[in-house]
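Chains, contacts and geometry: an overview
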Amino acid sequence: MLSPHPHGINVAVVGIGNCASSLVQGIEHYRAGANETIGLMHYELGGYVPSDIRLVAGWDIDRRKVGQDIADAVFAKPNCTTVFCETITPTGAKVKMGRLLDGVAEHMAEYPDDRTFVLADEAEATEEEVIATLRETKADVLMNYLPVGSQKATEFYAECALKAGVAFVNNIPVFIASDPTWARRFMEAGVPIIGDDIKAQLGATITHRVLTDLFKKRGVKLDRTYQLNTGGNTDFLNMLERKRLASKKESKTEAVQSVAAERVEDENIHVGPSDYVAWQNDNKVCFLRMEGRMFGGVPMNLELRLSVEDSPNSAGVAIDMIRCAKIAKERGISGPINPAAAYFCKHPPEQMSDDDAFDALEAFIAG
């Protein structure tokens, strides 16, 4: 078992929700080989193990989290993900009041407090304050876990990371790394960025991609397909506001289209969130259907139901993205880190097949 890295990785987090909870629990769970390494794609990556990751700063807008140590805030409502590591060592980093902007959809106010965000009565963070915190804590990486559709809020924190010289990992479907203007700015500033829109370890999109690629490799013409998802966390509640979904649908749809033998007509592909089912909590259920034609034009169809705990499903990927961002910084690589983005994200600057992305990622890690 490897010893912890002498320097470690200082991580700041925007949005102390279910995904952050799973990430923080996971760092503790895998600390110095306390448990088996089941569930990790890489135990060691670039000389770093999961327990080398230190949470040094966090921002949220919920009154139940602001002012709490990150180790406590990850268990506060409305978080509802599985608790697989009950005791977390205090981080010493208290959650600060974040910047609201477009981070909370209006309809969220109509739901019970345990299910939705409860706005803290504190002054919102300024750009100068966020940058100062990133510098004071010597943050290496800033993780963006804002709700889907938070365009302005994501741009606010991306700007802060850029000016503070902190690597930015964009886990949500707001296009920063894959936007040429933002990509160029990160490149010119000498700051790495990985994004956009994290793929789960084994979720709906990666499963859909692999099956679409299988159709292509086996000579089956894919005529029609849908992916319908339900869940009961704040992510699904937030996404009831359809206006917030444009980039999400584009991200998920392109992730599938990019590996198809030929593009499926728009009216014959539907990939996206379907509905909010409160009692599912952080469990996500995907209903997948693919219709195609085989030898002789003979029709076939495939139906699949996938049930996963949504947030832990992304946390192992996030641990790898953090470490990739850190080693990119150490090597003086700036702008979008394409191998990591292609393997870990739904909407990277450069789409690759999963096999090619895996090879490119391993080559990048090996230096």
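Residues numbered from 1 in each chain as written. Predicted model: local features only at pLDDT ≥ 70, side-chain atom pairs only at ≥ 80, totals over all residues. Heavy atoms only, no water.

A few points about the overall build of the protein chain
What counts is decided by this rule: Numbered from the N terminus, helices here are DSSP runs of H or I no shorter than four residues, and strands are runs of E no shorter than two. The quantity called the radius of gyration is restricted to C-alpha atoms. Its globule counterpart is 2.2 Å times the number of residues to the power 0.38. Each residue's exposure class comes from its accessible area (1.4 Å probe, protein chains only) as a fraction of the maximum for that residue type: buried when under 20%, exposed when over 50%, partly exposed otherwise. Should any heavy atoms of two residues lie within 4.5 Å, those residues are counted as being in contact.
When helices and strands are tallied, the protein chain shows 11 helices and 11 strands. Relative to the 2.2 N^0.38 estimate, which gives 21 Å for 367 residues, the radius of gyration of the protein chain is 20 Å and therefore close to what a compact globule would have. If one aligns the C-alpha atoms of the protein chain with their principal axes, the spans along those axes are about 65 × 50 × 45 Å. Across the 367 residues of the protein chain, 57% fall into the buried class. Relative to all contacts within the protein chain whose residues are 6 or more apart in sequence, the contacts with residues 24 or more apart total 78%.

Section: the side chain of Asp196
Stated precisely, the cut-off is as follows: His is not counted, nor are the chain ends, whereas Lys and Arg count as positive and Asp and Glu as negative. We define a salt bridge as a side-chain nitrogen of Lys or Arg found within 4 Å of a carboxyl oxygen belonging to Asp or Glu. Under this definition, polar contacts are N or O atom pairs within 3.5 Å; protein pairs additionally need one hydrogen-donor-capable and one acceptor-capable atom, and for neighbouring residues in sequence, both atoms have to be side-chain atoms.
When you line up the elements, Asp196 lands in the loop between β6 (192–194) and α6 (204–217). Among buried charged residues, Asp196 stands out as having no salt bridge; its nearest opposite-charge side chain is Lys346, 12 Å away. Polar side-chain contacts of Asp196 include one of 2.6 Å to the side chain of Ser178. Excluding residues that lie within four positions of it along the chain, Asp196 makes contacts with Asn170, Ile172, Val174, Phe175, Ile176, Ala177, Ser178, Cys345, Lys346, His347 and Pro348.

What to know about the sheet that holds strand β1 (residues 9–14)
The pairing of strands in a sheet comes from backbone hydrogen bonds and takes either a parallel or an antiparallel form. The criterion, for reference: For two strands to count as paired, DSSP must find a minimum of two bridges between them.
Ordered in space as β3-β2-β1-β4-β5-β6-β11, the seven strands form an open sheet in which the pairing is parallel. The open sheet is flanked by β3 (95–97) and β11 (335–336), the only strands paired with a single partner. Bridge analysis of β1 against strand β4 (residues 141–144) gives four bridges, and the strand direction is parallel. Pairing of Val13 across the sheet is with Met143, part of β4.

Concerning the environment of Tyr111
If you trace the backbone, Tyr111 turns up in the loop between β3 and α3 (127–136). As for Tyr111 and Leu237, which are separated by 126 residues in sequence, their C-alpha atoms are 9.1 Å apart. Not counting the four nearest positions on each side in its chain, Tyr111 is found in contact with Thr116, Leu237, Leu240 and Tyr276.

Here we look at the sheet that holds strand β8 (residues 269–276)
The condition that has to hold: All axes are obtained by fitting lines to C-alpha atoms, using only the stretch in contact for helices, and the reported angles, taken between N-to-C directions, cover 0 to 180 degrees.
Strand order in the open sheet formed by four strands is β8-β7-β9-β10, with mixed pairing between adjacent strands. Looking at which strands have only one partner, the edges of the open sheet turn out to be β8 and β10 (299–309). Neighbour to neighbour, the strand axes of the sheet diverge by 15° on average, direction disregarded. Docked against the sheet, helix α8 (residues 246–257) engages β7 (221–231), β8 and β9 (283–293), running at close to 135° with respect to β8.

Considering the pattern of salt bridges
Overall, the coordinates contain 21 salt bridges when judged by the stated rule. Across the salt bridge formed by Arg31 and Glu28, the nearest N and O atoms sit 3.6 Å from each other. By relative accessible area, Glu28 is classed as buried at 15%. The closest approach of N and O atoms between Asp213 and Lys216, which form a salt bridge, is 3.6 Å. Here the residue Asp213 and the residue Lys216 both occupy positions in helix α6, the gap between them amounting to three residues, near one helical turn. Given a relative accessible area of 14%, Asp213 falls into the buried group. Residue class for Lys216 comes out partly exposed when judged on its relative accessible area of 36%. Connected through shared salt-bridge partners, Glu127, Glu159, Lys163 and Arg185 make up one network.

Quick notes on the packing of aromatic side chains
What counts here: Stacked, tilted and edge-to-face are the three classes applied to pairs of Phe, Tyr and Trp rings, where Trp contributes its six-membered ring and a pair requires centres within 6.5 Å; stacked means planes under 30 degrees apart, edge-to-face means over 60, and tilted covers the rest. For a lysine, the NZ atom is tested; for an arginine, the CZ atom; a charge sits over a ring if that atom is within 6 Å of the ring centre and within 35 degrees of the ring normal.
Scanning the entire structure with this criterion turns up seven aromatic pairs. Ring pairing ties together the aromatic residues Trp59, Phe156 and Tyr157, which thus form one cluster. Across the ring face of Trp182, the terminal group of Arg185 is positioned such that the distance to the ring centre comes to 5.1 Å. For the cation-ring pair, Arg331 lies above Phe364, with the distance from its terminal atom to the ring centre recorded as 5.3 Å.

What about empty space enclosed by the protein?
Put simply, the rule reads: Only protein atoms enter the 1 Å grid used here, on which a cavity is any set of points holding a 1.4 Å probe that cannot leave and a pocket is any open set flanked by protein within 12 Å on both sides along at least five of seven lines; residues with an atom within 4 Å of a point are listed as lining. Grid points are joined across faces, edges and corners, and a volume is the space filled by probe spheres set on the points. Residues are grouped as follows: nonpolar covers Ala, Val, Leu, Ile, Met, Phe, Trp, Tyr, Cys and Pro; charged covers Asp, Glu, Lys and Arg; every other residue, Gly included, is treated as polar.
Here the structure, examined in full by the defined rule, presents two cavities of 30 Å³ or more. Of the voids in this model, the second largest cavity is the one considered here, and its volume is about 30 Å³. In terms of lining, the second largest cavity is formed by Pro78, Cys80, Asp114, Arg115, Gly232, Asn233, Thr234 and Tyr276. When its residues are assigned to classes, the lining of the second largest cavity shows three nonpolar, three polar and two charged.

A few points about unusual backbone geometry
Residue Pro78 is reached from Lys77 by a cis peptide bond, and omega for that bond is 5°. Structurally, Pro78 is set in the loop between α2 (70–73) and β3. Cis geometry is adopted by the peptide bond preceding Asp196, which originates at Gly195 and carries an omega value of 10°. For Asp197, which is not glycine, the phi dihedral falls at a positive 75°. Along the chain, the position of Asp197 falls in the loop between β6 and α6.

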